[in-house]
Every structure is written in C-alpha cells, then in structure tokens.
Amino acid sequence: MICPQCGKLIGVGEERCPFCGAWRPGMWGLTPVLQRALGRGLSATGLVIQACVALYVIGLLLDVGAILRPSGILSLLSPSGRALYQTGMTGGVAWAAGLYWTLLTAIYLHGGLLHIFFNLMWVRQLLPQIEEYYGSARAFIIFTVSGFAGFLLSNLILNAPTVGASGSIFGLIAAAIVYGRQRGGTWGQVIVRQLWQTAILLFVMGFVISGVNNLAHLGGFVGGFAISEWLVRMRPREGRAAVFAALGLAVATLAGFAASFIWVTRALMQR
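The structure contained in this document is the topic of the report that follows. (Residues numbered from 1 in each chain as written. Predicted model: local features only at pLDDT ≥ 70, side-chain atom pairs only at ≥ 80, totals over all residues. Heavy atoms only, no water.)

1. Considering helix H8 (residues 136-157)
Here's step 1: With 22 residues, H8 extends 32 Å from end C-alpha to end C-alpha; this agrees with the ideal 32 Å at 1.5 Å per step.
Here's step 2: The first or second residue beyond H8 is Asn-159, which carries a positive phi of 55°. (Helix = DSSP H or I, 4+ residues; strand = E, 2+ residues; numbered from the N terminus. Expected span 1.5 Å × (residues − 1).)

The following block contains the structure:
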C-alpha cells in the first residue's frame, strides 16, 4: 500500500511507516480499502453531484402534488417547503427548533430545476480542479465547511429558509485563489486575478437576481478561504487525517438527513 503520510510504498501490516514514522498507516486494513476506492474513481465531485440529484428527486417525490402546481418558470419542478424541511432545509422553522445539523444538509438541497442546474454546472467546473490541487478528501472538507459557514452567517443575520450549494461554490473559488497565491509566479497571479473578478461579478449578480442569498455566498467565500489556508499551512499534501475528517463530515451529513426527516415527519403527524 501507499503510506497516506509520505506517499512511500510500504507493507499493509506495518506498525510504523519505516520512512516517516507514521503510526499504523494501514489502520488495520482500512487505508488500502479507501485507496482502492479512490483509485476506482470515487471523487468528491461525483459524490456531491450524485447526492444533490438524489435529494432533489427525493424532495419531488415526497410531495408530488406540489410540483404539479407551478406558479411560474422559476418554480418549475420545485420541491415544496414541507419536502425541503423533511430533507434538511436550514433557517426559519428548522433553525428556531434547534435543528442545527441543517447547516450541513441544506448544502445538497435545491429549490427548483434551474437552481440545481446552475449550481451543479459550477460544481462540475470548479470541484474537480480543487480535487486536483488539494486532494479529494480536502476538497470535500473545503466544500462542506464553506457551505456550513455560509448558512451559519445567513441564519445568524436573516434566519430565512434557505437551501443550495452556492455558498460552497464561493468557497471553492476562494480555495482556488489560495492555491494560486501559494503557487505564485505569472500563472498564479493571472488565475488569482481572474478568480477575484469572477467572485465579485457573481456577488454583484446576487443583488440583481431576486431570491439569492448573498449572505450565504459571503460566508461561504470567507469560510472556504480560511479552511483552505489552514489546510495548506498544516500539510502541503493530503494525509490520513484529512481522509478521516472527510468521512466524519459525510457521516454527520447523512445522520442529519435522517434526523431531519424523522423530526419533521413526526411533527407533521402530530398536527
């Protein structure tokens, strides 16, 4: 197997890596399994896109009647408010009720066909690059922390019902800026300048288009910038700790979806 600390070829059963001294680099056989999974195409991009699409479809199926009564093009194939709360929408009732895990779950929910289309278009464009720069596990951490920070700022100030991956997308832009600054040189300067222009343009557009949560965008950008700087300073390459942190965030998010569905469904049944 490849040591997740130093990248050297070592035995699976090594108690310590003979090159860098990492303790139990194989984690009793778990590390090679994860490495094989990553080698077979498991990526943060694929997981995020599949999760968003699956939850969007689930939201539609939870309240089919709502999607048959669109109020306009922007509401075409839109999950109802009830369905969004059941799957983990944050802000409003959920935040007031103390469902704080929705800061994670709301990242993967979308309010309509156009909403999910444009967000996933940006995810498909940006997240593979962040995976290439930072590694799949750290890219997932950046994506999640950015979305969490965006919704946290939005809820603390507005506390309005909100969903979407746009806060995470702004965090990915910030992560690319951090990478460009770290790399330096002419290439880095050009990329950083273009990314700043893109971030500012998208932020300004948020004031023009109705229904856009610019606080989530701002919080996502700041959160993405901060976590990317911290990850780069901690270690130049992805290590075992990042893999397990990403897994922890994924498990916490899955648990949040289950908790939201149970809590909201129970509340609806008690009415």
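2. Some details on the packing of aromatic side chains
Here's step 1: As enumerated under the stated definition, the model contains 9 aromatic pairs in all.
Here's step 2: Ring geometry for Phe-221 and Phe-225: centres 6.4 Å apart, planes at 35°, overall tilted. Of the two residues, Phe-221 and Phe-225 both sit in helix H11 (residues 214-234), 4 residues apart, roughly one turn of that helix.
Here's step 3: On the accessibility criterion, Phe-221 (13% relative accessible area) is buried.
Here's step 4: Pairwise contacts between aromatic rings join Tyr-108, Phe-143 and Phe-257 into one cluster. (Phe/Tyr/Trp six-rings, centres within 6.5 Å; stacked < 30°, edge-to-face > 60°. Buried < 20%, exposed > 50% of the residue type's maximum accessible area, 1.4 Å probe, protein only.)

3. Some points on the packing of helix H9 (residues 166-183) against H11
Here's step 1: Between H9 and H11, the least distance of the axes is 7 Å, while the angle of their chain directions is 40°. Relative to H11, the element H9 lies oblique. Helix-helix and strand crossings are classified by hand; for H9 and H11 the assignment is right-handed. Counting all contacts with H9, which are made through Ser-166, Gly-167, Phe-170, Gly-171, Ile-173, Ala-174, Ala-175, Ile-177, Val-178, Arg-181 and Gln-182, the residues of H11 involved are Ala-216, His-217, Gly-220, Phe-221, Gly-224, Phe-225, Ser-228, Glu-229 and Val-232.
Here's step 2: When its residues are assigned to classes, the contact of H9 with H11 shows 10 nonpolar, 8 polar and 2 charged. (Axes fitted to C-alpha atoms, helices over the stretch in contact; angles between N-to-C directions. Parallel < 35°, antiparallel > 145°, perpendicular 65-115°, else oblique. Left-handed = near helix turned anticlockwise from the far one by under 90°. Contact = heavy atoms within 4.5 Å. Nonpolar A, V, L, I, M, F, W, Y, C, P; charged D, E, K, R; others polar.)

4. What to know about unusual backbone geometry
Leaving glycine out, the prevailing phi sign among residues is negative, and the prevailing peptide bond configuration is trans.
Here's step 1: Even without glycine at this site, Asn-159 takes up a positive phi of about 55°.
Here's step 2: Within the secondary structure, Asn-159 sits in the loop between H8 and H9.

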